[in-house]
Every structure is written in structure tokens, then in C-alpha cells.
Amino acid sequence: MTGAELRKSFIEFFADRGHSIVPSASVVPWDDPTLLFTNAGMNQFKDVFLGKSTREYVRAVDFQKCIRAGGKHNDLEDVGRSPIHQTFFEMLGNWSFGDYYKEEAITWAWELLTERLKLPAERLWVTVFREDDEAELLWQRHTGVPADRILRFDEKDNFWEMGETGPCGPNSEIHYDLGPERIGRNEDPGHVGGANGDQALEDPARLVEIWNLVFIQYDRGADGALTPLPSRHVDTGMGFERMLTILQGVDSNYETDVFRPLMDHIGELSQHAYAEGNTDVAYRVVADHIRALAFAITDGALPSNEGRGYVLRRILRRAARFGRNLGLSDPFLYRLVPTLIEEMGAAYPELPATQDKVEQVVKSEEESFGRTLDHGIELFEDIVEQAGAEGRNEIRGEEAFKLYDTYGFPVDLTQLMAEEKDMTVDMAGFEAEMGQQRERSTKARVTAGMPSVTADLKVENPTRFLGYDTLAVEDADVVTAEGGSVVLTKTPFYAESGGQVGDTGWLETESGDRIAVLDTTRDGVAIIHHCDPESASDLKPGMTVTVRVDGARRQSIMRNHTATHLLHAVLRETLGAHVEQRGSVVAPDRLRFDFSHFSAVTPEELNAIERRVNELVWENIGVEPFETDLEDAKRQGAMALFTEKYEDRVRVVRIGEMSLELCGGTHLGATGEIGLFRLVRESGIAAGVRRVEALTGAGAYEAVKRDEGLVAGTAEALKSEPEDLVKRAGDLTARVRELERHIRELSTDSARNWIDDMIGGAVDADGVAVAAGRVDCPDIDTLRAMGDTLRERLSGAAVGVLFASFEERPVCIVVVTDGAISGRGLHAGKLARDVAAFIGGGGGGKAHMAQAGGKDASRIDEAVEQAPGVVEQHLRDA
Ligand code: SER
């Protein structure tokens, strides 16, 4: 049975039993901040289990792409060493949402395994939770599994939890006995790993867990407490690749048909064959990791230095590092992507759709890591050597930290490399260094002026925000006012969020005091107006104030915010749908937008983008914000910042047909108010992330005027009209070049006289005439031209040595005539090297002419004097 057939069989079995077929969710759980990656089929149903949302169906079946790396379920370090662990794997699952429960789940699992997939019943073992009599009874009553093959275990093995918090419950696992031949001894598997209920049923060599049936009943809270859920649910997960291993009768997941093409391709690229106990680990690491990378990048994650991006970066580096064990040091992972897509593209059509992006991201990460790795390995070798010299076999925390901080070595990579040298890493020391670094960066943030006075406000009622509709409110009451941080019952002030900066303005008291608001931020439900503590010291809770936003500034902010949405839409239209927002700043004087894209945006593209945004401004399209629920917004195709966690009710901003984005910011009524849009800068800020900066309205106009002023000023300085400026500048440059050439000719002419003098004063060195001297000349080109002339004018066997200095740096040209080369075995390059030694330098060149540079111009005279001696020495050695 192939992988495709197994997926089909599983889905059909449960579809026949009333289950709706649901597509796999993204492997990056954008709307669940408690998870780095989708780690189980049930993740997408979390809210249904918790009773927070419902679906149109009560039974579901699917195959789900999962990654277990980082977080609660983390298999990263096992991958490679284990034949049955992967970071990326597929999970086949069936679910009941408050519908059927243990009986059907158990009966159907047995039926599917033994009848549909034809697994021999005598190979199956079952485990249940310590207290779950009901499950044990159901197994006995409804299936053919003998009583002595139903084992009970504790929480560790038979109570499944999604993460630190969330839905959970007792589970029942089905294990498959691969048989004694696998471990080479005839042992009763019931006793392998302890059958008495006091140990886990595990011997990966012989018994493999293939299917987990979870009976979801509780919600684990942040405080660790279990709260019973309103309904009981079923959540099952079958390890797809493990099941294939069994069905295909192979020894490891990596030998099944879903892995075969990748493993073969690695073999083709590698200089090492697959060998058990040797290269097998590297093959498996590479094959697994490229799958995890490709799926995660397809779903929008990118390698970075934080959170899930950092896990991806570690996965990539681990794969690249293991690739070196296979002789693969140039980027190679990205080459595996087409093979992967060929195998998996039919089941996951999103993969082929993003092939280019995946290849580009992986390749550029590999390139940047390659550079780091080479340097880091050198440092690592030094560290090992140093440790050896000191007689220790532990790498110090600070050494591991330096590798991490300077060369981006994940510490597990250092551990791995240390292990290969029979060494360990002082992890406590490493963690201490990391802690110090975190402290340093927190301090740096505070001193950089980030608002930090938000603690302990104890505000219970949310501040009412009125700033979408008005810029002034006359009857706001003070809730708290401490240390310049003022919270009111209501306010038109926008608190910094979603890239849009906070408003500034004034609070006016009834007695006529006017207090400047310098910034606005949010802390939980409270909007905080930051004022100078002294000027706000008379404000007391209960006082009524009038609040006024600085309207002109806010208008500029709104221009930039609406323009940011247009820019986002136009970037996607122009560069492609891989463009995703990575960050933004919307300030009164500028906007900045960071997005994913893999090469610099060309000047032509920038022009096209700027023009298109301006066209949308001229069309004066209405901007319509509205509220809806998150699901509806997603259905309508609204763009969201995937790193944000959204509430169920969301605000969406529509700009005609052009843009639809989830956004809580403040916007113009229509695009025409932007006035004018100018892109002013494009740059790269990280691998695969570009940044553009732009101006709008008055800012854009001022920038145009400034450029105009520059042009006018330059024209005046060059005595030209602005429209003739380009031609004029070209003419002038050509003229300067001509004059420079002329000066060189004149200098060469005057140098000829020197040359005559030098030839006249040539010294005999064992039958070779040596003409040496110092000349004045404007540049190196002229000096070389003089060398040519000198060589032409020398006759017979002769050597010329010319010195000059440019900005205190001595330079020397040595020429040797043909007669001295063929007749006497002299070589200008070799002479130059020795002559230059006098001026503190070195050089080289051809037999007839060579150049050398030095450091010490004060020794030129000495070098001139020594030149004949050097020639004599060379004649002796020749
Ligand atoms: N959630 C359970 C698991 O991941 C069953 O799907 O094992």
C-alpha cells in the first residue's frame, strides 16, 4: 500500500461513517499564540473542544501536516538517530465533537486496523489510562484484543495534552509489535519495558505506537488546574509514516515510499553512500528537515532569530551541518525541494504553488549559514585545541555563547560537534551568558526611551476609544493620574498599536490648565496618556477634562496609514503574492513597511509601484472600515498580520477593490487625501525581508521641492539650465578626463629629462647597467608609463628602478631589458620583491616589469642606493 493509498483508505473509512472530510490546517498556527507549530490534527479544532466555537459538522476526518520541534512536543534532537521520529510528519485523524465517544472510537479503530488494513490482530497491544475501566472494558467487549494485552499506565503515557494549556484527556494507545526478529531476541513484548504498569510500554526497536485515541474531557488552565469541558469529544491521531513502515514491511519511516525519492536524491547529491551506523543519521536528518522547512515556509513562516523562525533556522542549520557529514558543503537543501514537491504536491497543492519562494528562502539561508559555519568551525577548532591544552573536555559556557552570538551556532549544534570530539558543553554557563544578554537588551530598550511606566495601574474598566470619529472630547473623567500617566473614562487619543504611533495633543482642565500629551500607549484595557509628570501633578481621579488630539499631526499619520495599505496591496500586485507584511511604522512624517521578498526591488519596479500608488490616490477611492467576525473577515480574504492574535470581532478596512486588511488604525475618508506619494528608500533588513520607506502629503511635496532645489543649485553651480544638466555634467566629466590625460603627458615629458639623467648615472653591476632613482609624478599610472619609457630607452643588459611616493606611500617600478632577462637570468618580479624590502613592503610581477608598494617612504634614498647591490646578488644567484 502506498502513502497515497493509505491516506485515501483512512479518509474513506471514516467518511463512510458520517465524518466530514476537512482539509489539513496550516502547519503554522497563525491564530494560536500558544503554539509554535501545528503539532497534532486536533489543533485546528481547539476552540470547538473548548466550547468556544462550533462547526457545521460533529464528525470530522483528515490528514494533517504537523511539526514537532520546539514547544511541548519536541522531537528535534531524536530525528536522525531514531528510525521512527520526524520533526515533520503527517497525522491521520478522526474526531467527534460532543457526538460519539469511546465505544465507537475503539470499535472503529480496531475494525480499520484489522479488517481494512489487515494488520494481524496478534501483533496489536493496547494501553489505557490508569483509571479508565470503561476503556478497558470496551476493548475487551468490542474487539479481539486479549485481556493480557491491555495495559494500564499513568499520566505520562496515557493522558494527552496539547500544550502547557488547552484541551486534554485520558487516552488509549494502540501499539504494533514488529516481532522478535527486529530485536534479535525472543522476548515477550508485554514485558519489554515493563508490563506491570509501572513503566512505559516502549521498546522502539520492537514496539511502535501507531494510533492514539484521546478522550478529550478537560481544559488545562494557565494555573495548571483541570476544568471539565461542557461536552466530551474524541480526538485520534495515527502516525502516517509509522503505519506505512508496517504496511510496507520496511525497517524505518525513511524507507517508505513517501521518503524514498528524497533519500535517493540525497544519495545522488552526496559523496557518501547510505550506510547503517554511519551516514544513515545524516541522510535521515536531511530528508526530514527539508520537509519541515518546505512545509513551514509554504505556510508563511520564515527563518529568523525569534520564536518559530528561530526553530526553523535551527532545523535548517542542523540539516546543513549534517550535510557536511555527507560531503555537502555548498548549498544543497534547496535542490531537494522539487523532489519533495513531486512526492507530496498532489496531497498538498499549496507546495507546488510556493516552490520558488521555498527554494529561494532555503538557498539564501544556506548561503548565509555556510559563511558563518566556516568561520565558526575555525573558532570551534581553536576552542577545542585550547581546551585540550588546558586538559579539560568541557566547552565553557562563554565559549559556546561566543559561537552562538557571533556565528549564530545554535547551542545544540555546538553540543553535537562537541559530542563528536567526546566533549561536553557547560550548559549552565551558556544559559547564564544568555541571561546576561537578555538583561543588556532590556536595559538598552529602556534607555532608548521606550515608555515603561505602565505598571500597576489597576484599571478595571476599558477606556472608551472615540478617536475613529472625533478628535476632541469635552467630558472625559480622570480615572487615574500617576507619574504623568493619565487614564480617562474615554478619549479620542489613539494608543500606539499595529505600527501606528500614539497620538499627541492636550488635556484641558476646568480651571483652564493645559497639559501636553506627549505620547499615548495601551496597557491591557487602559489607554494611557503620557504627560510630563510635573504638569500633570494636579490631575486627580474624578476631575473632568477636555481632550484634544493634535489634529494636523493625526491627519498626517492617517495619510501614511492609508498609504501603507495601498502600498501593501500594490507590492503584492507588482512583486507577487509571496509579499507578506513583516512590520510597519506609521508616523506623521513617514511610513516604513517591511515585507518578505527575496531580492532587492529594482529601480524600475520601485517606479512602477510609486506610480501605481499615486494612480490609486488620484482615483480618490473611499476608505470603508467595518466590523465583522474573524471567520467572515478571513472568508472575504482580508489580509492579516499573522503574528497578531485577533479577537473574534475584528475591524476591517476596505479600500475599494484594491485592499482589505484587518486593522485597528485610523484612516482617511478617501485615498485622494493622501495628496502625493513618494518612495524614498529601499533596503534589505534580513535574509528575505526588504524595507521601503515613503512620504505622503506635505512630506512628499517638501521632498519634491528639496530635489528641485538641488537640481536648481547644481545647475547654477555648473552654469547650466536644469534641463541641460545631464549633458552638461557629462561634458564636464569628459573634459576633466581629457585634462588629466594632458597633465599626465606633460609630466611624462618632464620625467623624460629625469630618465635621461638616470640613464646617464647608471651604475655597473657585474656587467648589467642599473639605472635607479626617485621621480616626482602625479599618480601610479604615470609612474608605470615612465617605467615603460625607461625600459625602451635602456639598451643591452640593463635594469631600471623607479621610486615615487603618493600620499606618503612609497611605490617602486622595476624594469628589466630583454638582454638582462635572457642573457643574465634576471627577473623584474623577483628584484622588485627584494628592493621593496627596503621600503618596508613587497610586490611582484612579470620578468620584464614589476611593481611593489611599501610603507616607509623615508627609506627611498637608501633603496635607490642599494638597488645595484640587489641586482649583483641576483646575478650571483641566477
Ligand atoms: N492529539 C493526539 C495526538 O497527537 C491524538 O490526535 O497524539
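As a starting point, this report considers the structure included with it. Each chain carries its own residue numbering, running from 1 in the written order of its sequence. Where totals are concerned, whole chains, interfaces and linings use all residues; where local detail is concerned, this predicted model gives features only for residues with pLDDT of at least 70, and gives and counts side-chain atom pairs only at 80 or more. As a rule here, side-chain values cover all heavy atoms of the structure and leave hydrogens and water aside.

1. Overview of the side chain of Arg 242
Using the following cut-off: Each helix corresponds to a stretch of at least 4 residues labelled H or I by DSSP, and each strand to a stretch of at least 2 residues labelled E; elements are numbered beginning at the N terminus. Three exposure classes are used, based on accessible area relative to the maximum for each residue type with a 1.4 Å probe and protein chains only: buried under 20%, partly exposed in between, and exposed over 50%. When charges are counted, neither His nor the chain ends are considered; positive counts come from Lys and Arg and negative counts from Asp and Glu. The term salt bridge refers to a pairing of a side-chain nitrogen on Lys or Arg with a carboxyl oxygen on Asp or Glu at a separation within 4 Å. The contact definition used throughout considers only heavy atoms, calling two residues in contact when any of these lie within 4.5 Å.
When you line up the elements, Arg 242 lands in helix α7 (residues 240–247). This buried residue, Arg 242, is left without a salt bridge; Glu 209 holds the nearest opposite charge, at 4.6 Å. When sequence neighbours within four positions are dropped, the list of residues in contact with Arg 242 reads Ile 84, His 85, Val 208, Glu 209 and Asn 253.

2. Considerations on the sheet that holds strand β29 (residues 798–806)
For clarity, the cut-off: Here, a strand pair is defined by DSSP locating no fewer than two bridges between the strands. Lines fitted to C-alpha atoms define the axes here, with helix axes fitted over just the stretch in contact, and angles between the N-to-C directions of these axes take values from 0 to 180 degrees.
One open sheet holds the 6 strands; their spatial order is β27-β28-β29-β30-β32-β31, and the pairing between them is mixed. In this open sheet, the two strands that pair with only one neighbour each are β27 (763–765) and β31 (842–845). Across the sheet, the mean angle from the axis of one strand to that of its neighbour is 20°, orientation sign disregarded. Pairing of strand β28 (residues 768–774) with β29 involves 6 bridges; the strand directions are parallel. By the bridge assignment, Ala 772 is partnered in β29 with Val 801. Contacts from helix α24 (residues 828–836) reach β29, β30 (809–816), β31 and β32 (849–853), with the element oriented near 20° to β32. Running over the sheet, helix α25 (residues 860–877) touches β27, β28, β29 and β30 and is turned about 160° from β28.

3. Digging into the pairing of strand β17 (residues 514–523)
Side-chain positions along a regular strand alternate between the two faces of the sheet. Bridging between strand β16 (residues 505–509) and β17 involves 4 bridges; their strand directions are antiparallel. Bridge pairing in β17 places Gly 505 opposite Val 517. Remark: 4 residues form the turn of the hairpin made by β16 and β17, two consecutive strands paired antiparallel; Gly 512 in that turn has positive phi of roughly 95°. Strand direction decides the pairing type here: β17 and strand β18 (residues 526–531), joined by 6 bridges, are antiparallel.

4. Quick look at the pairing of strand β21 (residues 591–596)
Within β21, 5 of the 6 residues are buried, which leaves the element mostly enclosed by the surrounding structure. Of the strand pairs in this sheet, strand β20 (residues 581–586) and β21 are connected by 5 bridges, and their pairing is antiparallel. Directly across from Val 585, in β21, lies its bridge partner Arg 592. Where β21 lies against strand β26 (residues 689–696), 6 bridges are found, and the strand directions are antiparallel. Its bridge partner being in β26, Arg 592 is matched across the sheet by Glu 693.

5. Topic: the nonpolar core
The tendency in soluble globular proteins is for nonpolar side chains to be buried side by side. Selection rule: By nonpolar core is meant a set of buried Ala, Val, Leu, Ile, Met, Phe, Trp, Tyr and Cys residues that side-chain atoms within 4.5 Å join together.
Core analysis: the largest hydrophobic core is formed by 114 residues, its most contacted members being Leu 113, Trp 139, Ile 210, Trp 211, Met 238 and Leu 333. The element contributing the most residues to this core is helix α9 (residues 280–298), with 12 residues. Here Trp 211 is in contact with Phe 10, Phe 14, Asn 94, Ala 109, Leu 112, Leu 113, Ser 172, Glu 173, Ile 174, Thr 236, Gly 237 and Met 238, once residues within four sequence places are set aside. Within the second largest apolar cluster, 29 residues are counted, among which are Leu 591, Ile 609, Ile 621 and Leu 679.

6. With respect to the environment of His 175
Basically, it comes down to this: We define a polar contact as two N or O atoms separated by no more than 3.5 Å, with the added condition that, inside protein, one atom must be a possible hydrogen donor and the other a possible acceptor, whereas residues neighbouring each other in sequence contribute only through side-chain atom pairs.
Its place among the elements puts His 175 in strand β7 (residues 166–177). Sequence separation between His 175 and Val 126 is 49 residues; the distance between their C-alpha atoms is 6.1 Å. Engagement of the side chain of His 175 in a polar contact is seen with the side chain of Glu 173, the distance being 2.8 Å.

7. Some thoughts on the packing of α9 against helix α10 (residues 307–325)
Helices that pack against each other are described as a pair by the angle of their axes relative to one another and the distance between those axes. Stated formally: For classification purposes, angles smaller than 35 degrees are called roughly parallel, those larger than 145 roughly antiparallel, those between 65 and 115 roughly perpendicular, and all remaining angles oblique. By the definition used in this description, the sense in which the near helix is turned from the far one sets the handedness, with an anticlockwise turn below a right angle giving left-handed and a clockwise turn giving right-handed. Amino acids are sorted into nonpolar (Ala, Val, Leu, Ile, Met, Phe, Trp, Tyr, Cys and Pro), charged (Asp, Glu, Lys and Arg) and polar (every other residue, Gly among them).
Interhelical geometry of α9 versus α10 gives an angle of 150° and a closest axis separation of 9 Å. Taken together, the axes of α9 and α10 are roughly antiparallel relative to one another. The two elements α9 and α10 cross, and the hand of that crossing is left-handed. Contact residues: α9 offers Val 281, Ala 282, Val 285, Val 286, His 289, Ala 292, Leu 293 and Ala 296, while α10 offers Leu 312, Ile 315, Leu 316, Arg 318, Ala 319, Phe 322, Gly 323 and Asn 325. Residue classes in the contact of α9 with α10 are distributed as 12 nonpolar, 3 polar and 1 charged.

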